[in-house]
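One letter stands for each residue in the lines below.
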Amino acid sequence: MPKMLLTAAVFALAVGTVSARADQTPGITDSTVKIGITGPLTGPVAVVGAVAEGIRARVEAANAKGGVKMSDGKTRKIELVIKDDMLDPQRTLANVREMVEQDKVFALVGTAATPNNVAIGRYIEQRKVPNVFMYSGVHKLNAPHEEIGFVPAFSTEATSFATYLKNNKPAAKVAILYLNTETGETFMKAFDKAIEGSGVKVVDRQPVTSQDPTVETQLTALKASGADTLVIIAAPQQGGEAIRFQAESGWKPLTLVTNLSSAYPILQAVGLENAKGIITSNFLKPIVSPGKTGDAGIDQYLADIAAAKVNFVFANTIGQVGYATGDALVEALGQMKEQTRAALLETVFNIQKWDNPLLLDGIKLNTKAGSDIFPIEALQLYQFDGQKYVPVGKLLDFEGTTEE
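If you're wondering where the values come from, they're calculated on a predicted model, not measured in any experiment. Starting afresh in each chain, residues are numbered from 1 along the sequence in its written order. For this predicted model, a pLDDT threshold of at least 70 governs which residues receive local features, and a threshold of 80 or more governs which side-chain atom pairs are given and counted, while totals over whole chains, interfaces and linings are taken from all residues. To get the side-chain values, all heavy atoms of the structure are used, and hydrogens and water are removed first.

Some thoughts on the overall build of the protein chain
Test applied: Helix numbers and strand numbers start at the N terminus; a helix is a DSSP run of H or I with at least 4 residues, a strand a run of E with at least 2. Within these notes, the globule rule equals 2.2 Å times the number of residues to the 0.38 power, and the radius of gyration is based on C-alpha atoms. Contacts are assigned to residue pairs with any non-hydrogen atoms lying within 4.5 Å of each other.
Looking only at helices and strands, the protein chain features 13 helices and 13 strands. Taken over C-alpha atoms, the radius of gyration comes to 23 Å for the protein chain, in line with the 22 Å a tight globule of 404 residues would show. Taken along its principal axes, the extent of the C-alpha atoms in the protein chain is 95 × 40 × 35 Å. Of all intrachain contacts in the protein chain linking residues separated by at least 6 positions in sequence, the fraction that spans at least 24 positions is 67%.

Okay, structure coming up:
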């Protein structure tokens, strides 16, 4: 071969090698896969940081067993990059930019709160970075092709509350304290639709933000409306204060609180007696003791959070959601057909009856690309008896019917 042609061939080979390396999926090697988490580890909504802690506990348990065996036969440990955003959407975006551009994460998991997922939507869509199993009940935000939620949609929870009222308090006069974001709007739209044609009526609504120092003004107005039923969809701090107000003010309506604000530590903070009688929804098995239960999933969860030395108590449902999210991540990584971001998205958008150690009996994860983006569409209602949550009625299953 002439020298010039040989040089050209070598150059072409070198360029091709560089290009191939540049095209490799970031964040994954033969031994590791790097996953980013951003959430409120500090600040007024730090309780939600338990999501990240729960994910960490499940991931550390997987790593302790060697990691996740993937489709190419290689077993990889999950390397977590966890950053604090104090639930500030702009800090969330800054964190995600840093994780993608500097830390080179393969994907994001468990991103907390609707406004925060909205803030990163366009960026992750442009970068084609999967944002899987978000901690938000609004599932279709700014990056529908790159993101998927985990917890039931707020519309599913709204429908479950409406179903309960129509069956048990058909002439309810409802006051709603709602988070003044897409979260609250999604919930109210679904609730209004679900009560159409019934005797259940909404008589007043008051907005709240996760930064409001108090909700007394809003609750005073709701009490004055003459409502005999209160529905709370708010951040944990404000939701807890609303639970305290409805009891201590002498109002004492039938109170339904979304899962977002009904974790046991929140009730402890506002006084268990004040929470007596509230109704909430859940999709996770109740965990009432740190001792062995005989349930393999719960016992493994208890062992794993103890080993990880998490900063939440075993009964914290937000931490439990994090652990269940971590389990779904481990499952997804193990089922990917290729070691690419596109393959991860293909996997999470086509889930077929995945088990999860903390899900209630009768609930499995299911999705279908193009028609069903909601992994969990069933809920059990519970009423707090002053010490623990007691099931109310049967499991409500809305599989395949959740509206976006």
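Structural notes on the sheet that holds strand 1 (residues 32-39)
Condition: Here, any two strands with at least 2 DSSP bridges between them count as paired. Every axis corresponds to a line fitted to the C-alpha atoms, with the helix fit spanning only the stretch in contact, and the corresponding angles, defined between N-to-C directions, vary from 0 to 180 degrees.
Here six strands make up an open sheet; going across it, the order is 2-3-1-4-5-6 and the pairing mixed. The outermost strands of the open sheet, each flanked by one partner alone, are strand 2 (68-69) and strand 6 (147-149). Two strands pair when backbone bridges link them, and strand 4 (residues 107-109) and strand 5 (residues 131-134) are joined in this way by two bridges, in the parallel orientation. For Leu-108, the partnering residue across the bridge sits in strand 5 and is Asn-131. Sheet strands touched by helix 4 (residues 114-127): strand 4, strand 5 and strand 6. Its angle to strand 5, the strand with the most contacts, is close to 160 degrees.

Looking at the nonpolar core
It is characteristic of soluble globular proteins that their nonpolar side chains tend to be buried jointly. Let me state the cut-off plainly: Here the nonpolar core consists of buried residues drawn from Ala, Val, Leu, Ile, Met, Phe, Trp, Tyr and Cys, with membership extended through side-chain atoms lying within 4.5 Å. The rule is simple: take the accessible area with a 1.4 Å probe, protein chains only, and divide by the maximum for that residue type; under 20% is buried, over 50% is exposed, in between is partly exposed.
Membership of the largest hydrophobic core comes to 70 residues, with the highest contact counts inside it found for Phe-106, Phe-133, Tyr-135, Phe-150 and Phe-283. Of all the secondary-structure elements, those providing two or more residues to this core are strand 1, helix 2 (50-64), strand 4, strand 5, helix 11 (296-308), helix 12 (317-335), helix 13 (341-348) and strand 12 (378-384). At nine residues, helix 12 tops the list of elements feeding residues into this core. Core analysis: the second largest hydrophobic core is formed by 28 residues, Ala-162, Ala-172, Phe-191 and Phe-398 among them.

A closer look at the packing of helix 5 (residues 154-168) against helix 6 (residues 182-194)
Packed helices, taken two at a time, are described by the angle their axes make and the gap between the axes. So the rule is basically this: Should the near helix be turned anticlockwise from the far one by less than a right angle, the crossing is left-handed, and should it be turned clockwise, the crossing is right-handed. Polarity classes work like this: nonpolar for Ala, Val, Leu, Ile, Met, Phe, Trp, Tyr, Cys and Pro, charged for Asp, Glu, Lys and Arg, and polar for all others, with Gly in that last group.
Interaxial distance between helix 5 and helix 6 falls to 8 Å at its minimum, and their mutual angle equals 35 degrees. Crossing of helix 5 against helix 6: the hand is right-handed. For the pair helix 5 and helix 6, contact is made by Phe-154, Ser-155, Glu-157, Ala-158, Thr-159, Phe-161, Ala-162, Leu-165 and Lys-166 and by Thr-183, Thr-186, Phe-187, Ala-190, Phe-191 and Ala-194, respectively. Residue composition of the contact of helix 5 with helix 6, grouped by class: nine nonpolar, four polar and two charged.

Purely geometric numbers; function is a separate question.
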